[in-house]
Amino acid sequence: MRMSTRDWGLLLVLSFLWGGAFFFAAVAVKELPPLTVVLARCGLAAMALAVVLRLGGERWPFRGAAIAPFLIMGLLNNLVPFSLLFWAQIMIPSGLASILNATTPVFAIVAAHFLLLDEKMALNRAAGIGFGFLGVVVLLGAGQVDGKGFALVGMLACLGAALSYGLAGTYGRRFRSMGVSPAQVALGQLVATTLMMIPLAAVVDRPWTLAVPGGAVVLAVLALAFASTALAYVIFFRLLASAGAVNTALVTLLIPASAILLGVLFLGETLAARHYAGLALICAGLLAIDGRVLERWRR
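Note that the coordinates shown come from a computational prediction; the quantities given were computed from them, not determined experimentally. (Residues numbered from 1 in each chain as written. Predicted model: local features only at pLDDT ≥ 70, side-chain atom pairs only at ≥ 80, totals over all residues. Heavy atoms only, no water.)

A full pass over the atoms with the stated rule returns 7 aromatic pairs. Plain terms: the ring middles of Trp18 and Tyr233 are 5.9 Å apart, the flat faces sit at 80° to each other, and that makes the pair edge-to-face. Here Trp18 is found in helix 1 (residues 5–28), whereas its partner Tyr233 is found in helix 9 (residues 215–243), with 215 residues between them in sequence. Its relative accessible area of 14% is what places Trp18 among the buried residues. On the basis of relative accessible area, Tyr233 is assigned to the buried category, the value being 2%. Plain terms: the ring middles of Phe82 and Phe86 are 6.1 Å apart, the flat faces sit at 15° to each other, and that makes the pair stacked. Separated by 4 residues within a single helix, Phe82 and Phe86 lie in helix 3 (residues 64–88), roughly one turn from each other. Overall, Phe82 belongs to the buried group, its relative accessible area being 1%. Phe86 sits in the buried class, given a relative accessible area of 3%. Each member of the aromatic cluster is reached from another via a ring pair, and the members are Trp18, Tyr233 and Phe236. (Phe/Tyr/Trp six-rings, centres within 6.5 Å; stacked < 30°, edge-to-face > 60°. Helix = DSSP H or I, 4+ residues; strand = E, 2+ residues; numbered from the N terminus. Buried < 20%, exposed > 50% of the residue type's maximum accessible area, 1.4 Å probe, protein only.)

Structure, rendered in structure tokens:
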């Protein structure tokens, strides 16, 4: 699928919203456990989107045929990746987490090739997978670096989140044929995630026993919920319907720039040269996947 100018504009906005999510999450997990942050993020975002749907006159999305897809989408697109990324950011900087998250299109391509009829793997996408794999090898080869908390297990958790996102992007294409609007899909999956997270967070974190978080953490959680989740998901599902799973996943090419910048400016994070080398390889892979640069070079 080709992306229109409008699609590229929405992709840029989405990259800022999700790049900020890594920064907000890094602030939040300093005082709150990851599962509690996931529950707060999804629950608050679901309430915000419920108001949006009400004001827009759209119907409540939960009905017989949509319940199971919402639960699966909530698991793949929220519960699993949010939990893994927030947990990883206890061990690694937000900038590095965002770089590893940029491998999402690589996983999306493989999933789309086997699960979708209209997004088969072409030569440029195979080359992109190769570059992306090399970038991951460079990043994982760093292991634990200089005692700064660059833990291998944290990086593997980010890759697990990217895999889950890749599967979610492919699975989410089905909502286009179900007559469900982007806002309805966003609300449906967030409500499903919240319902699944309540017992999980209650058993693991026991949030009622936690100390009241500081003002910065509260603001970070609110920004995660309303900007980086509620608004971002409306844009995400609109892009998924108009641009396709693989093109939408290209947002991860743009996310690391804002995430790294915020981490450096406000959290004092630093990344080694090898991490930027890994990012460069992943970006090269994503550009190959997109195909436009190669096509213009041939011309």
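Read on for the rest.
Once that is clear, we can look at the packing of helix 5 (residues 104–115) against helix 7 (residues 152–171). Relative to each other, helix 5 and helix 7 sit at 40°, their axes nearing to 8 Å. Taken together, the axes of helix 5 and helix 7 lie oblique to each other. For the crossing formed where helix 5 meets helix 7, the hand is right-handed. Residues Thr104, Phe107, Ala108, Ala111, Ala112 and Leu115 of helix 5 pack against Leu159, Ala162, Leu163, Tyr165, Gly166, Leu167 and Thr170 of helix 7. (Axes fitted to C-alpha atoms, helices over the stretch in contact; angles between N-to-C directions. Parallel < 35°, antiparallel > 145°, perpendicular 65-115°, else oblique. Left-handed = near helix turned anticlockwise from the far one by under 90°. Contact = heavy atoms within 4.5 Å.)

Moving on: helix 2 (residues 34–56). End to end, helix 2 covers 33 Å across 23 residues, agreeing with the expected 33 Å (1.5 Å per residue, within 8%). Buried residues of helix 2: Pro34, Leu35, Thr36, Val37, Val38, Arg41, Cys42, Gly43, Ala45, Ala46, Leu49 and Leu53, and no others. Looking at the buried side of helix 2, the elements it contacts are helix 1, helix 3, helix 8 (182–204) and helix 9. The positive-phi residue at the C-terminal boundary of helix 2 is Gly57, with phi of around 75°. (Expected span 1.5 Å × (residues − 1).)

Across the chain, the average pLDDT comes to 85, with 92% of residues at or above 70. This stretch, residues 144–149, has a pLDDT under 50; its non-local contacts, to residues over four places away or in other chains, come to 8 contacts. (pLDDT = per-residue confidence, 0-100.)

If you trace the backbone, Thr229 turns up in helix 9. Of the residues examined, Thr229 reaches a relative accessible area of 0% and is grouped as buried. Placed 138 residues apart in sequence, Thr229 and Met91 show a C-alpha to C-alpha distance of 23 Å. Those residues in contact with Thr229, other than ones at most four positions away along the chain, are Arg41, Ala45, Leu190 and Leu224. Here Arg41 takes part through its side chain, which lies 2.4 Å from a polar atom of the side chain of Thr229. (Polar contact = N/O pair within 3.5 Å; in protein donor to acceptor, adjacent residues only side chain to side chain.)

So, on to the state of the cysteines. Scanning the entire structure with this criterion turns up 0 disulfides. Lacking any disulfide linkage, Cys42 is separated from the closest cysteine sulfur, that of Cys158, by 17 Å. Looking at the unpaired Cys283, the closest cysteine sulfur is the one in Cys158, lying at 16 Å. (Disulfide = S-S within 2.5 Å.)

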